[in-house]
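So you can see what is in the structure, the chains are spelled out below.
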Amino acid sequence: MTWRPQATPDEQVFAAMKAAIANGATIWSPLSIYGMALNELTAGRSLLRRYFETCPEGTLKEGGSESIKRANAAVPIKVAEVEFSFWGTEVQHNGVAGTCMELGIPILTYAPLGYGFWTGQVKSLEDILKGDIRLLFGRFQEKNFPKNLELVDKVNDFAKAEA
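Residues numbered from 1 in each chain as written. Predicted model: local features only at pLDDT ≥ 70, side-chain atom pairs only at ≥ 80, totals over all residues. Heavy atoms only, no water.

1. Observations regarding the packing of aromatic side chains
A complete count under the given rule lists seven aromatic pairs for this structure. Put simply, the rings of Phe86, Trp87, Phe117, Trp118, Phe140 and Phe145 touch in pairs and so form one group of aromatic residues. (Phe/Tyr/Trp six-rings, centres within 6.5 Å; stacked < 30°, edge-to-face > 60°.)

Next comes the structure, spelled out in structure tokens:
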């Protein structure tokens, strides 16, 4: 429902979300990175916030270490979704991975291929459609993009040399 050009009414979305939860779909991604154009009404995090504000069976907090501990104490967390890639290693140092390990919460990673950089699909900013959320990330800004491509080339050269 988040991939549509026109926002689906909250009532319809919330009914679908409740049905999904009732049928065991309890791993939810609040991110808006799955190819959709930015739209405040349909962005995943905004949609989940509105759901939990309207349907207070649960709460939604940012996923820092202390937030994870508080949330898990209230309702056991089944999985934590975090970015983990060459560019997104913060989870190793900000306490999130340690907290998840301590609490027995599996980590589900997203963007392990750097939002397309490591696949070779993104060679220029023109390869990314207007409205794509990646264009908001620092690594996809005009001044940083060529530097990041250089890093990709260096890693690829290293991999070829070691193969």
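There is more to say after this.
2. Let's talk about the nonpolar core
If you look at the biggest cluster of nonpolar residues, it comprises twelve residues: Trp87, Tyr110, Ala111, Tyr115, Phe117, Trp118, Val122, Ile128, Phe140, Phe145, Leu149 and Val152. The leading source of residues in this core is helix H5 (residues 145-162), at three residues. Setting aside chain neighbours within four positions, we find tryptophan 118 in contact with Phe86, Trp87, Pro112, Leu113, Leu151, Val152 and Val155. Grouped together as the second largest cluster of nonpolar side chains are seven residues, Ala80, Val82, Val91 and Ile105 included. (Core = buried A, V, L, I, M, F, W, Y, C linked by side-chain atoms within 4.5 Å. Buried < 20%, exposed > 50% of the residue type's maximum accessible area, 1.4 Å probe, protein only. Helix = DSSP H or I, 4+ residues; strand = E, 2+ residues; numbered from the N terminus. Contact = heavy atoms within 4.5 Å.)

3. Some remarks on the pattern of salt bridges
Inspection of the entire model under this criterion finds two salt bridges. A salt bridge links lysine 69 to glutamate 66, with the shortest nitrogen-to-oxygen separation between them at 3.7 Å. Residue lysine 69 and its partner glutamate 66 are both found in helix H3 (residues 65-74); the two are separated by three residues, about one turn of the helix. A relative accessible area of 31% means that lysine 69 is categorised as partly exposed. When its relative accessible area of 48% is taken as the criterion, glutamate 66 is described as partly exposed. The partner of glutamate 83 in a salt bridge is arginine 139, with the nearest N and O atoms 3.0 Å apart. With glutamate 83 in strand E1 (residues 80-83) and arginine 139 in the loop between strand E2 (107-110) and H5, this residue pair connects regions lying 56 residues apart in the sequence. (Salt bridge = Lys/Arg side-chain N within 4 Å of Asp/Glu carboxyl O.)

4. Things to note about H3
Buried residues of H3: Ser65, Ser67, Ile68 and Asn72, and no others. Along H3, the residues classed as buried sweep out an arc of 155 degrees about the axis, all on the same side. Across H3 from its buried face, at more than 90 degrees, point the exposed residues Arg70, Ala73 and Ala74. Next to the buried residues of H3 lie helix H4 (96-103). (Arc of directions from axis to C-beta.)

5. Considering helix H1 (residues 10-22)
Residues that lie three or four places apart on an α-helix share one face, since the helix turns once every 3.6 residues. For H1, which comprises 13 residues, the first-to-last C-alpha distance of 18 Å matches the rise-based estimate of 18 Å (1.5 Å per residue) to within 8%. Taken together, the buried positions of H1 are occupied by Val13, Phe14 and Met17. Looking straight down H1, one finds its buried side chains confined to an arc of 95 degrees; they lie on one side. Turned more than 90 degrees away from the buried face of H1, the exposed residues are Glu11, Ala15 and Ala22. At the C-terminal side of H1, glycine 24 shows a positive phi close to 95 degrees. (Expected span 1.5 Å × (residues − 1).)

6. Side note on the confidence of the model for the chain
In low-pLDDT regions, the fine details of the predicted coordinates are not to be read closely. Confidence in the prediction of the chain, expressed as mean pLDDT, is 76, and 72% of residues score 70 or more. Element-level pLDDT for the chain is lowest in helix H2 (residues 44-54), with a mean of 58, against a maximum mean of 94 in H4. pLDDT under 50 marks residues 32-38. Its contacts with residues more than four places away, or in other chains, come to 22 contacts. Contacts from residues 57-61, a stretch scored under 50 in pLDDT, to residues over four places away or in other chains number nine contacts. (pLDDT = per-residue confidence, 0-100.)

7. Observations regarding the side chain of glutamate 83
With relative accessibility at 17%, the residue glutamate 83 sits in the buried group. Separated by 3.0 Å, the side chains of glutamate 83 and arginine 139 make a polar contact. Once you skip the residues sitting within four places of it in the chain, glutamate 83 turns out to touch Gly88, Val91, Tyr110, Ala111, Tyr115 and Arg139. (Polar contact = N/O pair within 3.5 Å; in protein donor to acceptor, adjacent residues only side chain to side chain.)

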